[in-house]
Amino acid sequence: MLSQREYEDLLWKINHIPSTITGKKRHNLRTTFKKKLHEHELATKYPPFEPLKFEQYFINFRTTDSTLIHLIDQIKSTSVFTLDTESILIPYRPNAPALIQVQIILSESFSSVVLIEMCHLPRAHEHTFTLVKQFFQTLFNTDKNIFIWGAISELHNFCSYNLFTYEQLYLCNPINLQNEFKDHWNEQHPHQPTTSTSTNYPECICEECLGLQKTNTWSLQNAVAFELSQWLDKRQTTSNFDIGLDPTLYHFNSAETEHRQSLIRYAVYDCLSMQQIMLKLKLIERQESNINPSNEIITATVNDLTNIACDDDQHDLQATNNFEPISPADIQDASTPRQQQTLTKAERHRIHNRTCTLKQRKRYYKTEIIISNIDRRFTIKNIKEIIKSYGVPFSAVNFSTSSATRKRSIHIGMRNSSQINDYQHRIDHLFTTSHYNRFINDRRTHRSSNKR
């Protein structure tokens, strides 16, 4: 929000634009000032937007095949989605497409929001790229209702990335939520004539009295404000969404990470706010899914799940010794007899191995000890040696990294759940920075004594 001085200064600027600034430049400057003023007024009047629970994913060149298969399965399990896009401004040229946001609505109160980073995709010849295409092929299907704040044509510029075609966009059922909301508002809020002496009637909030022309469209921010009584922060509208938002893409300092978090929040909240408007307008049914989300918003799930799934040693996951990447054919719906008949013996074997691997990993981490904020210099091998020295039996060990804080946690799958409290008491103070320094010093001392 603006300070009182900044607010007064902005009001003065709106009314005192220099006469030397004319034409389109004057219009654009006045529009910019008025948007800032409107943002401040909404932020002052309404509380910040509060999303329903969601799980966040990134799709880029670091995304694993298992994550994409998981997302494709989620798309198959539902028929309701929201979609939005972000582009970047290039002077004197058309805007460049940078980001696609897809919300997979799994229930009234839980969803997955996927950010597809168009400037950081895997290379076209890689298997992961094929799975990203499969993601969109599954999404743009006849049984999928995709709500957009505008028209599906805003995806036309994204076709140049060869993830989908113009024809595919129109295979689904695109629903212009912006138009739906306008019709709803006009139906629910017709003009209420009042007299200057009338005090018994509420203030009229028809479009005309709100200052909207009949041909004007509603902004998502205004819809959230008037329908949900919440402030949807739109200050990042013209930001560079092509810089790489996933904090695991590259090494970022704290300021860069914080800036990316604000861009992620902006992109994700566009979809999540549409979902709440859809619920308010009763455009989707209120139903609960069979999933049991945790009580907290889970972020950076792509990398957390990938780390836990993929870094175990071979002696921990014997079933993965013959693992091969899953082909696009493997992720098709196997319930169709015709498709099952076309699978070769090798393909069925790969699917069987993959299923066994996932079940095994789930079994290993059914009971686990999680130690947060560990020193990043500890390796899996170091950690296993230390845990064994404390007499704690385990089935698997792995890392996860928070996208919000970049802090690392260690996940220890336990063989014996009956004594987990005792085991946790033995090791929950380990793997800090001071522990790492002692660990290294002890090793050096041991090596030097052996040389003597």
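Residues numbered from 1 in each chain as written. Predicted model: local features only at pLDDT ≥ 70, side-chain atom pairs only at ≥ 80, totals over all residues. Heavy atoms only, no water.

Identification of the protein as 3'-5' exonuclease domain-containing protein from Rotaria socialis is taken from an unreviewed UniProt entry.

Colleague: Break down the sheet that holds strand S2 (residues 80-90) for me, citing the residues and quoting the values.
Modeller: With respect to topology, six strands assemble into an open sheet ordered S1-S4-S3-S2-S5-S6, the strand pairing being mixed. Among the strands making up the open sheet, the edge pair consists of strand S1 (53-59) and strand S6 (173-176). The sheet shows a mean angle of 25° between the axes of neighbouring strands, direction not considered. Note that S2 and strand S3 (residues 93-105) share nine bridges and pair antiparallel. Within S3, the residue paired with Glu86 across the bridge is Leu99. Strands in contact with helix H6 (residues 177-188) are strand S5 (145-148) and S6; relative to S6, the strand with the most contacts, it is inclined by about 45°. (Pairing = 2+ DSSP bridges. Helix = DSSP H or I, 4+ residues; strand = E, 2+ residues; numbered from the N terminus. Axes fitted to C-alpha atoms, helices over the stretch in contact; angles between N-to-C directions. Contact = heavy atoms within 4.5 Å.)

Colleague: Break down the sheet that holds strand S9 (residues 408-414) for me, citing the residues and quoting the values.
Modeller: Hydrogen bonding along the main chain pairs the strands of a sheet, whether they run parallel or antiparallel. Taken in spatial order, the three strands of this open sheet run S7-S9-S8, and their pairing is antiparallel. Each edge of the open sheet is held by one strand with a lone partner, namely strand S7 (368-374) and strand S8 (394-401). The mean angle between the axes of side-by-side strands here comes to 20°, regardless of whether they run parallel or antiparallel. Sheet strands in contact with helix H12 (residues 380-389) are S7, S8 and S9, and its direction is about 135° off that of S8. Taken strand by strand, helix H13 (residues 420-427) contacts S7 and S9, and its axis lies near 20° from that of S7.

Colleague: Explain the confidence of the model for the protein to me, and be specific about the residues and the numbers.
Modeller: Per-residue pLDDT for the protein has a mean of 80; in total, 77% of the residues score no lower than 70. Within the model, the stretch residues 287-341 combines pLDDT values under 50 with 105 contacts to residues more than four positions away or in other chains. (pLDDT = per-residue confidence, 0-100.)

Colleague: Lay out the pattern of salt bridges with the relevant residues and their values.
Modeller: In the structure shown here, the tally under the stated rule is eight salt bridges. Arg377 is the salt-bridge partner of Asp375, the closest N and O atoms lying 3.0 Å from each other. On the basis of relative accessible area, Asp375 is assigned to the buried category, the value being 7%. Using a relative accessible area of 43% as the deciding quantity, one classes Arg377 as partly exposed. (Salt bridge = Lys/Arg side-chain N within 4 Å of Asp/Glu carboxyl O. Buried < 20%, exposed > 50% of the residue type's maximum accessible area, 1.4 Å probe, protein only.)

Colleague: How would you explain the pairing of S5 if you had to name every residue and give the values?
Modeller: Direction of pairing for S2 relative to S5: parallel, over a ladder of four bridges. Paired with Val80 across the strands is Asn145, a residue of S5. Alignment of S5 against S6, held across four bridges, turns out to be parallel. Each bridged residue has a counterpart across the sheet, and for Asn145 the counterpart in S6 is Asn173.

Colleague: Provide a residue-level description of unusual backbone geometry, including the pertinent values.
Modeller: Unlike most non-glycine residues, Asn162 shows phi in positive territory, near 65°. One can find Asn162 in the loop between S5 and helix H5 (166-169). Note on Asn162: relative accessible area 52%, which makes it exposed. The phi dihedral of Ser229 falls on the positive side, at around 55°, and the residue is not glycine. Within the secondary structure layout, Ser229 lies in the loop between helix H7 (220-228) and helix H8 (254-280).

Colleague: Go over helix H3 (residues 65-76), please, and point to the residues and values.
Modeller: Under the 1.5 Å per step criterion, the end-to-end length of H3 is 17 Å for twelve residues, consistent within 8% with the ideal 16 Å. By the burial criterion, the buried members of H3 are Asp65, Thr67, Leu68, Ile69, Leu71, Ile72, Gln74 and Ile75. (Expected span 1.5 Å × (residues − 1).)

Colleague: Which residues make up the packing of aromatic side chains, and what are the values?
Modeller: Per the stated rule, a full pass over the model turns up 17 aromatic pairs. Their ring planes at 40° and their centres at 5.6 Å tell us that Phe241 and Tyr266 sit as a pair that is tilted. On the criterion of sequence distance, the pair formed by Phe241 in the loop between H7 and H8 and Tyr266 in helix H8 is long-range, its members being 25 residues apart. Exposure remark for Phe241: the relative accessible area of 1% places this residue in the buried category. On the basis of an interplanar angle of 90° and a centroid distance of 5.1 Å, the ring pair of Phe378 and Tyr436 is categorised as edge-to-face. (Phe/Tyr/Trp six-rings, centres within 6.5 Å; stacked < 30°, edge-to-face > 60°.)

Colleague: Before we move on, could you go through the nonpolar core and cite the residues and values that matter?
Modeller: By size, the foremost hydrophobic cluster in this structure holds 39 residues, and its most contacted members are Leu115, Trp149, Phe181, Leu245, Val268 and Ile277. At the level of secondary structure, the elements contributing two or more residues to this core comprise S1, S2, S3, strand S4 (110-117), H6, H7 and H8. With eleven residues, H8 is the single largest residue contributor to this core. What Ile277 contacts, discounting residues up to four positions off in sequence, is Trp149, Leu177, Phe181, Leu220, Ala223, Val224 and Leu228. Leu68, Leu71, Ile104 and Phe140 belong to the second-largest nonpolar core, a separate cluster that totals 35 residues. (Core = buried A, V, L, I, M, F, W, Y, C linked by side-chain atoms within 4.5 Å.)

Colleague: Could you give an account of H6, with specific residues and numbers?
Modeller: Taking 1.5 Å per residue, twelve residues should reach 16 Å; H6 reaches 16 Å between its end C-alpha atoms and fits that length. Two or three places before Gln178, at the start of H6, stands the capping residue Asn176, its side-chain oxygen 3.0 Å from that residue's backbone nitrogen. (Polar contact = N/O pair within 3.5 Å; in protein donor to acceptor, adjacent residues only side chain to side chain.)

Colleague: Account for the side chain of Gln275, naming residues and giving values.
Modeller: Tracing the chain through its elements places Gln275 in helix H8. Residue Gln275 is classed as buried on the basis of its relative accessible area of 1%. Dropping the residues within four chain positions of it, Gln275 is found in contact with Leu52, Thr82, Gln103, Ile105, Ser107, Glu108 and Ser111.

Colleague: Please provide a residue-by-residue account of the environment of Glu126, values included.
Modeller: As for its placement among the helices and strands, Glu126 is situated in the loop between S4 and helix H4 (127-139). Judged by its relative accessible area of 30%, Glu126 is partly exposed. The spatial distance from the C-alpha of Glu126 to the C-alpha of Phe61 is 9.5 Å, given a sequence separation of 65 residues.

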